[in-house]
Amino acid sequence: MVRPIARVLLFPFAMAVLLVGIYTAAMHAPTPHHLKVAVAGSPTQTGPLAASLRKALGDKYDVSTVASTEQARQLVAHRAVAAAYVPTPTPGDRDAGAPGTAFAQPPRPSGPLLYIASAAGAVQVNLAAVPFENVAVQQHQFLQVRDLVPLSTDDTSDTSTMYAAIGLTLAGYLSAVMLSTAFGTALTRRRTVAALAAFGAVAAITVWLITGPILGAVHGFAPAILITGWLTVMAVGLATVFLSRFCGRMTPLPAVGIFMFLGMPASGAALPIQSMPAPIRALHDLLPMTSTTGSLRQIMYFDSDGITRYWLALGLWAIAGLALTLAYDTLKAHRTSRRNNTTAQPRQTAEPVPSR
């Protein structure tokens, strides 16, 4: 009796170990790795400052220089850099964007200027600002912060896209697990795909209704949000269907491990991907949650710029999951057929020798 109980409890034990181990290893001590920032101004001024920063910061930050503040604003607004520092801003430079709310500033600042886009990631902005705050302090100046793409007043914690992505990911792998558990091989592939497609539409609409019209936390072009939600459920669901062919009742373990425990830190939704350990950073462009959170953020704050690549990644996950499942089922059916044919063949007996 003890052994069967131990086997049953092994599953929740493994889930707990994966959750604590992966999340703690990934996020217990965030340290920037090649976080991109820029310094704007004349080469005679920005050159020595950039060189000094590169020497002091090492590979934690990638410091580049641009000749104009207009270039700096474009880089920040398009998420090419996390922040841009202007040592000697003009009065016109100080009017761009909105006042940064994450940093204490004097009412009439006269010191250097830092451009940020908090909608690109509030924690990322905090990390990007650290070296420039230190520079201002060393020069006994106040640092003025201008937010070019501020967060919505209904999403000040910058977590709405992350929770929406978690909900859609849960809908994807849990629906596939439940279909596999309830019906097993009795449910054909065609009906499985149809069920996931219908459920994905319902899940996408429900998540949008809760986070959008009801709570107002996620906003933007509704059809694009719905497409993102449906593609997420299909990508994760069909990939989980493929996993179920190997793992059976244990499918939830690899599914939640890949799509949630690894997917969430690798997406950069909770903490900047540049602050993650190297193995997690390597998964950033591979796992579906990156595309889900990226799509939702682009829809909310950046006019859906570059959203096609996120949708393509989710579509490829869905197609790959279906294709691999089809290949596995075909191969298994072929092997079963050969085995049955071999078993069905009657044994050959030696012909009787005629008597003389």
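Structure first, text after, so check above.
Predicted, not measured: the structure shown is a model, and the values here were computed from it. (Residues numbered from 1 in each chain as written. Predicted model: local features only at pLDDT ≥ 70, side-chain atom pairs only at ≥ 80, totals over all residues. Heavy atoms only, no water.)

(A) Examining the overall build of the protein more closely. Within the protein one finds 11 helices and six strands. Its C-alpha atoms put the protein at 120 × 45 × 45 Å along the principal axes. Out of the 356 residues belonging to the protein, those deemed buried represent 45%. For the protein, the share of sequence-separated contacts (at least 6 apart) that also reach a separation of at least 24 residues comes to 78%. If you sum the accessible surface of the protein, you get close to 19200 Å²; carbon and sulfur atoms cover 64% of it. Between the averaged position of the 25 positive side-chain charges in the protein and that of its 15 negative side-chain charges there is a distance of 19 Å. (Helix = DSSP H or I, 4+ residues; strand = E, 2+ residues; numbered from the N terminus. Buried < 20%, exposed > 50% of the residue type's maximum accessible area, 1.4 Å probe, protein only. Contact = heavy atoms within 4.5 Å. Areas by Shrake-Rupley, 256 points an atom, 1.4 Å probe, with all protein chains shown as cover. Lys, Arg positive; Asp, Glu negative; His and termini not counted. Charge placed at Lys NZ, Arg CZ, Asp CG, Glu CD.)

(B) Looking closely at the packing of aromatic side chains. Across all of its chains, the model carries five aromatic pairs by this definition. Ring geometry for Tyr-85 against Phe-132: centres 4.9 Å apart, planes inclined by 10 degrees, an arrangement best described as stacked. Of this pair, Tyr-85 sits in strand β3 (residues 83-86) while Phe-132 sits in helix α4 (residues 122-138), placing them 47 residues apart in sequence. Both residues of the pair, Tyr-85 and Phe-132, count as buried. Look at Phe-246 and Tyr-328: their rings are 4.9 Å apart centre to centre, the planes differ by 55 degrees, and that puts the pair in the tilted class. With Phe-246 in helix α7 (residues 222-247) and Tyr-328 in helix α11 (residues 307-344), this pair connects stretches of sequence that are 82 residues apart. (Phe/Tyr/Trp six-rings, centres within 6.5 Å; stacked < 30°, edge-to-face > 60°.)

(C) Main features of the pairing of β3. Covered by surrounding structure in β3 are Ala-83 and Tyr-85 together with Ala-84 and Val-86, the residues of both alternating faces. Alignment of strand β1 (residues 35-40) against β3, held across three bridges, turns out to be parallel. Bridged to Val-39 within β3 is Tyr-85. Alignment of β3 against strand β5 (residues 113-116), held across four bridges, turns out to be antiparallel. Looking at the pairing, Val-86 lines up with Leu-113 of β5. (Pairing = 2+ DSSP bridges.)

(D) A nonpolar patch on the surface, seen in detail. Taken together, the side chains of Ile-205, Leu-209, Ile-210, Ile-214 and Leu-215 make up a nonpolar region of the molecular surface, amounting to roughly 470 Å² of accessible area. Its place among the elements puts Leu-209 in helix α6 (residues 189-214). The partly exposed category is assigned to Leu-209, whose relative accessible area is 35%. (Patch = residues over 30% accessible without salt bridge, like charges linked within 9 Å, V, L, I, M, F, W, Y side chains within 5 Å. Salt bridge = Lys/Arg side-chain N within 4 Å of Asp/Glu carboxyl O.)

(E) Seen up close, the nonpolar core. Of all hydrophobic cores here, the largest spans 31 residues; its most connected members are Ala-72, Val-76, Ala-84, Tyr-115, Val-149, Tyr-301 and Phe-302. For this core, the secondary-structure elements that each account for two or more residues are β1, α3 (69-77), β3, β5, α5 (160-183), α6, α7 and α10 (288-301). The greatest single-element share of this core, amounting to four residues, is contributed by α10. Among residues more than four places away in sequence, those in contact with Ala-84 are Ala-38, Ala-72, Val-76, Leu-113, Leu-114 and Tyr-115. Judged by nonpolar contacts, the second largest core, of 25 residues, contains Ala-165, Leu-243, Ala-255 and Ala-266. (Core = buried A, V, L, I, M, F, W, Y, C linked by side-chain atoms within 4.5 Å.)

(F) Quick peek at the environment of Thr-228. Within the secondary structure, Thr-228 sits in helix α7. Through-space distance from the C-alpha of Thr-228 to that of Tyr-310 is 8.6 Å; in sequence the pair is 82 residues apart. Not counting the four nearest positions on each side in its chain, Thr-228 is found in contact with Thr-292, Ser-295, Leu-296, Ile-299, Ile-307, Trp-311 and Leu-314. Here Ala-224 takes part through its backbone oxygen, which lies 2.9 Å from a polar atom of the side chain of Thr-228. A distance of 2.9 Å separates a polar atom in the side chain of Thr-228 from a polar atom in the side chain of Trp-311. (Polar contact = N/O pair within 3.5 Å; in protein donor to acceptor, adjacent residues only side chain to side chain.)

Bear in mind that shape data such as this cannot, by itself, settle questions of function.
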